[in-house]
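Structural overview
Here is how the chains run, residue by residue.
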Amino acid sequence: MLGTQRKERIDGLAESGGDTTAGVSLAASAWRRLRRSPTFLVGAGIICAFVLLALVSPILAQHDPALRLLEEQVSRADNRIPAPQPGFPLGGDQYGRPLLSRVLLGSQQTLLVALLATVIGLGGGLTLGILAGAFGGWVDTLVMRVVDVMLSVPSLLLAVSIGALFQQQSQFTVIIAVATVQIPIFGRLLRGTMLAQRASDHVLAARALGVRQRSIVFRHMLPNALGPVIVQATLMLAVAIIDAAALSFLGLGAADTSTPEWGQMLGSAQNFFDTHPHLAFWPAGCIIVVALGFTLVGESMRDALDPKKRR
Amino acid sequence: MALLEVRDLSVRFVRKSEPTVSAVDGVSFDVHPGSTVGLVGESGCGKSVTSLAIMGLLPGRGTEVSGSVNLEGSELLRLSQREFDRRRGKDLGMVFQDPLTSLNPVVPIGLQVSEVIERHRGLSRRDASREAARLLDRVGIPDPDRRLKEYSHQLSGGMRQRALIAMALACEPRLLIADEPTTALDVTIQAQILTLLKELVAETGTALIMITHDLGVVAGMCDEVNVLYAGRIVERAQRHELFSRPRHPYTAGLMASVPRLDSPRGQRLAPIEGSVADNIPWEGGCAFSPRCGNALAVCGERAPELETIEQGRLLRCHNPIGAAELERAHD
Ligand SMILES: Nc1ncnc2c1ncn2[C@@H]1O[C@H](COP(=O)(O)OP(=O)(O)O)[C@@H](O)[C@H]1O
Ligand code: SF4
Ligand SMILES: [Mg+2]
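Residues numbered from 1 in each chain as written. Chains lettered and ligands numbered in written order. Predicted model: local features only at pLDDT ≥ 70, side-chain atom pairs only at ≥ 80, totals over all residues. Heavy atoms only, no water.

Comments concerning the overall build of chain A
Each helix and strand counted, chain A has 12 helices and zero strands in total. Listed N to C, the secondary structure of chain A is α-α-α-α-α-α-α-α-α-α-α-α in terms of helices and strands. Projected onto its principal axes, the C-alpha coordinates of chain A cover approximately 80 × 45 × 35 Å. Counting only residues that meet the buried cut, chain A has 51% of its 311 residues in that class. (Helix = DSSP H or I, 4+ residues; strand = E, 2+ residues; numbered from the N terminus. Buried < 20%, exposed > 50% of the residue type's maximum accessible area, 1.4 Å probe, protein only.)

Here you go:
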């Protein structure tokens, strides 16, 4: 059931962006509409702010996030955690490490993990989609069987299972697990748009000129099939952030917590939800807002590319 | 010897969920070097499928092609896709109906033209690009150097079709198939494109298969004309013969539906009644009989055969136009 729904969503996106007859002019007009869309502007603003934050966080952060600077204010026995104080606007975490510095620097890991996972997922999905869409026939059948089986497993369950395959937990584990979930989504999407290209007039015309197979696939089909994939990649960045956080929360991330990461911070805050909710609030808030940013941009791009919404 | 010999070409689309479609049914014709042969008929009669079969561009799955297509002594239907790739664009080329969708929207025109030249003529990228500019100039595109860098959406419909013609003729193939090359264009542009095609094939000695639903196009271009109905040739004649003495009721119907300069103003055209949807399969008699004013009882029982009625003239009809007059003349 779940798998069917996801398949329909993916195929819907493939169709919505499948009409690329206008090509370059389409991209130009989509951009013109995007620039006037409040959804896009808000989302893009959020993304820019967080990317900027990740870049300048080493300067902004006052303290080394690994150092237990406020350790003497921590007390396990009466559940005490360092309160906000001069020099430490958010206080410390349960080990006495500076919370603000950790939240600021956490942006780097979280964005990097999401980006790497999506790039790997995109790479794998592109490979599968190109294979299936370019060759058709039994290659297509085989690839799509695998993809559909992967899609029928709920994504977080799949990610957790992949993560559990690794002996040693690390950020790398999280990246691979999250990427694996994305591969079938990109694969199915690209296959759909590639097949649409295969049946298109300009590909028929190129074949009538004896253009080489390689050029047909990479020059005449792929660039025209990428629009929906770019939209999906933006949306997947949001999903990757959430999934990576969830895996870290479940303890599949790095065992070494000296490098801060929001998902892992959220996970280790769970014992303090009732007494010290602010430990969870900051990383959770950041995760939600940055994921929202990518979703807003992705959705507005989808609308801008949709021929049904175009005039 | 003929340049292209099409013999008994049949194409059937076999689909699991749908009834089998017999799109082309035993079509035979020759194209001689440098000549222009017309394939004429209403939409859906199998013109495009015939041309795609000759080009080897029909979808593989669910398509049954039989018969023979012989180009300069080599059998095209037996070529592998790879072998075919080497000959398409070089020995035979094609121009399609819709120039807007026939160009790749994200690749500059110049690259699309020079790609073909590099591929088949083995020129370097620089030389190919210079040759592309020369070709665009030859097909009447002003300022070719600028146009080469532009994308299809920056060109007008007529210019796009000129560019596509330039690509199809870039390697001077001996055979060009033009499938309704002017149907998607403005009326004023149509004549220009036809004139250009006529000039180019005359200049390069390329043989042309001109596919159209418009007898006006045929009148201006073709040496020999094949009239197609429901996948079969129903009449073939030299152009002048066909226009001065159409024998098949369908041909006559097509002519009556073409506007003529010499017809009285305000006179309504007489389109053929009914549509291709009313066809009966050829197995049950003449496919045209539900729409035919000349139909006899035998027409609904037995399909007419394609017969040679005089030198260079073929006809598939039990009761052709002018038969009664001819008989009277003989008596
Ligand atoms: N790929 C296909 N699959 C099934 N039927 C097709 C396919 N292509 C064409 N046909 C059918 O073949 C017949 C002839 O089509 P076509 O050659 O395109 O006609 P036209 O003379 O207008 O060019 C039509 O009935 C059409 O529906
Ligand atoms: S065979 Fe009969 S029905 Fe068919 S075109 Fe001739 S007269 Fe008409
Ligand atoms: Mg057609």
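So that's the structure; there's more coming.
Structural notes on helix H7 (residues 157–168) of chain B
Residue and element names in this part refer to chain B. For H7, which comprises 12 residues, the first-to-last C-alpha distance of 17 Å matches the rise-based estimate of 16 Å (1.5 Å per residue) to within 8%. Of all 12 residues in H7, 11 are buried; the element is thus mostly enclosed. Taken together, the buried positions of H7 are occupied by Gly158, Met159, Arg160, Gln161, Arg162, Ala163, Leu164, Ile165, Ala166, Met167 and Ala168. (Expected span 1.5 Å × (residues − 1).)

Looking at the environment of Leu4(B)
Residues and elements named next belong to chain B. You can see Leu4 is positioned in strand S1 (residues 4–13). The buried category is assigned to Leu4, whose relative accessible area is 0%. Leaving out residues up to four positions away in the same chain, Leu4 has contacts with Phe29, Asp30, Val31, Ile54, Val69, Asn70, Leu71, Leu175 and Ile209. (Contact = heavy atoms within 4.5 Å.)

Here we look at unusual backbone geometry
Residues and elements named next belong to chain B. The backbone of Asp8 shows a phi angle near 55°, a positive value even though the residue is not glycine. Along the chain, Asp8 falls in strand S1. Among the residues examined, Asp8 registers a relative accessible area of 47% and is labelled partly exposed. Phi is positive for Glu72, close to 45°, though the residue is something other than glycine. Mapped onto the elements, Glu72 comes out in the loop between strand S4 (63–71) and strand S5 (74–75). By relative accessible area, which is 34% here, Glu72 ends up partly exposed.

What about the pattern of salt bridges?
Under the criterion given, the structure shown has 28 salt bridges over all chains. The partner of Asp148(A) in a salt bridge is Arg188(A), with the nearest N and O atoms 2.8 Å apart. Here Asp148(A), found in helix H5 (residues 137–152), pairs with Arg188(A), found in helix H7 (residues 171–198); they are 40 residues apart in sequence, far enough to count as distant. Take Asp148(A): its relative accessible area is 22%, and that puts it in the partly exposed class. With a closest N to O distance of 3.1 Å, Glu115(B) and Arg219(A) form a salt bridge. (Salt bridge = Lys/Arg side-chain N within 4 Å of Asp/Glu carboxyl O.)

Some remarks on the site of ligand 1
Residues and elements named next belong to chain B. Lining the immediate surroundings of ligand 1 are Phe13, Arg15, Ala23, Glu42, Ser43, Gly44, Cys45, Gly46, Lys47, Ser48 and Val49. A distance of 3.2 Å separates an oxygen atom of ligand 1 from a polar backbone atom of Cys45. Contact distances for ligand 1 include 3.1 Å between an oxygen atom and a backbone N or O atom of Gly46. When residues in the shell around ligand 1 are grouped by element, the largest group, three residues, is from helix H1 (residues 47–55). Partitioned by chemical class, the residues of the shell around ligand 1 number four nonpolar, four polar and three charged. (Near = heavy atom within 4 Å. Polar contact = N/O pair within 3.5 Å; in protein donor to acceptor, adjacent residues only side chain to side chain. Nonpolar A, V, L, I, M, F, W, Y, C, P; charged D, E, K, R; others polar.)

Concerning the interface of chain B and chain A
Every contact between the two is made by 30 residues of chain B and, on the other side, 23 residues of chain A. For the chain B and chain A pair, buried surface summed over both sides reaches about 2300 Å², with 58% attributable to carbon and sulfur atoms. Taken together, the links from chain B to chain A amount to one salt bridge. Summed over the shared surface of chain B and chain A, the number is 13 residue pairs in polar contact (both at pLDDT 80 or more). Those elements that place two or more of their residues in the side of chain B that touches chain A are H1, helix H2 (81–87), strand S6 (92–95), helix H3 (99–102), helix H4 (109–121) and H7 of chain B. Here the residues of the side of chain B that touches chain A are counted per class, giving 15 nonpolar, eight polar and seven charged. (Buried area = accessible area lost by both parts, 1.4 Å probe.)

With respect to the confidence of the model for chain B
For chain B, per-residue confidence averages 91 on the pLDDT scale, and residues scoring 70 or more make up 92% of the total. Among the scores for the predicted complex, ipTM is 0.91 and pTM is 0.87. (pLDDT = per-residue confidence, 0-100.)

Topic: the sheet that holds strand S2 (residues 21–31) of chain B
Residues and elements named next belong to chain B. Reading across the sheet, the four strands line up as S2-S1-S4-S5 and stay open at both edges, with antiparallel pairing between neighbours. In the strand order of this sheet, the two ends are held by S2 and S5, each with one partner. Examined bridge by bridge, S1 and S2 share seven bridges and lie antiparallel to one another. Each residue of the ladder has a partner; that of Leu9, found in S2, is Val27. Relative to S1, H1 is tilted by about 115°, and along the sheet it contacts S1, S2 and S4. (Pairing = 2+ DSSP bridges. Axes fitted to C-alpha atoms, helices over the stretch in contact; angles between N-to-C directions.)

Some thoughts on the site of ligand 2
The environment of ligand 2 is made up of 13 residues, and the closest members are Cys286(B), Cys292(B), Cys299(B), Cys317(B) and His318(B). Its residues placed into classes, the shell around ligand 2 shows eight nonpolar, five polar and no charged.

So, the UniProt feature "domain: ABC transporter" (unreviewed entry) in chain B
Under the UniProt annotation, "domain: ABC transporter" (unreviewed entry) lies at residues 6–255 of chain B. Its end C-alpha atoms 26 Å apart, residues 6–255 of chain B is made of 41% helix and 25% strand. (UniProt positions renumbered as here; feature names shortened; annotations may be inferred.)

Details of the side chain of Arg97(A)
Here Arg97(A) shows up in the loop between helix H3 (38–60) and helix H4 (99–135). If near-sequence neighbours (up to four positions away) are discounted, Arg97(A) is found in contact with Pro65(A), Ala66(A), Leu67(A), Arg68(A), Gly91(A), Gly92(A), Arg102(A), Thr257(A) and Ser258(A).

Examining the sheet that holds strand S8 (residues 207–212) of chain B
Residues and elements named next belong to chain B. The strand order across the open sheet formed by eight strands is S6-S7-S8-S3-S9-S10-S12-S11, and the pairing between neighbours is mixed. Either end of the sheet is taken by a strand with one partner, and the two such strands are S6 and strand S11 (307–310). Strand-to-strand twist in this sheet, taken as the mean axis angle between neighbours without regard to direction, amounts to 25°. Two elements, S6 and strand S7 (residues 175–179), share four bridges in a ladder whose sense is parallel. The residue of S7 that forms the bridge with Gly93 is Leu176. Each of S6 and S7 touches H7; the most contacted strand, S6, lies at about 170° to it.

Comments concerning the packing of H7(A) against helix H10 (residues 227–249) of chain A
All names here are of chain A. Closest axis-to-axis distance for the H7/H10 pair is 10 Å, and the angle between their directions is 155°. One element, H7, and the other, H10, form an angle in the roughly antiparallel class. Like other packed secondary-structure pairs, H7 and H10 cross with a definite hand, here right-handed. On the side of H7, the interface is formed by Gln171, Val174, Ala177, Val178, Val181, Gln182, Ile185, Phe186, Leu189, Leu190 and Thr193, while H10 contributes Pro228, Val229, Gln232, Ala233, Met236, Ala240, Asp243, Ala244, Leu247 and Ser248. Classifying every residue of the contact of H7 with H10 gives 15 nonpolar, five polar and one charged. (Parallel < 35°, antiparallel > 145°, perpendicular 65-115°, else oblique. Left-handed = near helix turned anticlockwise from the far one by under 90°.)

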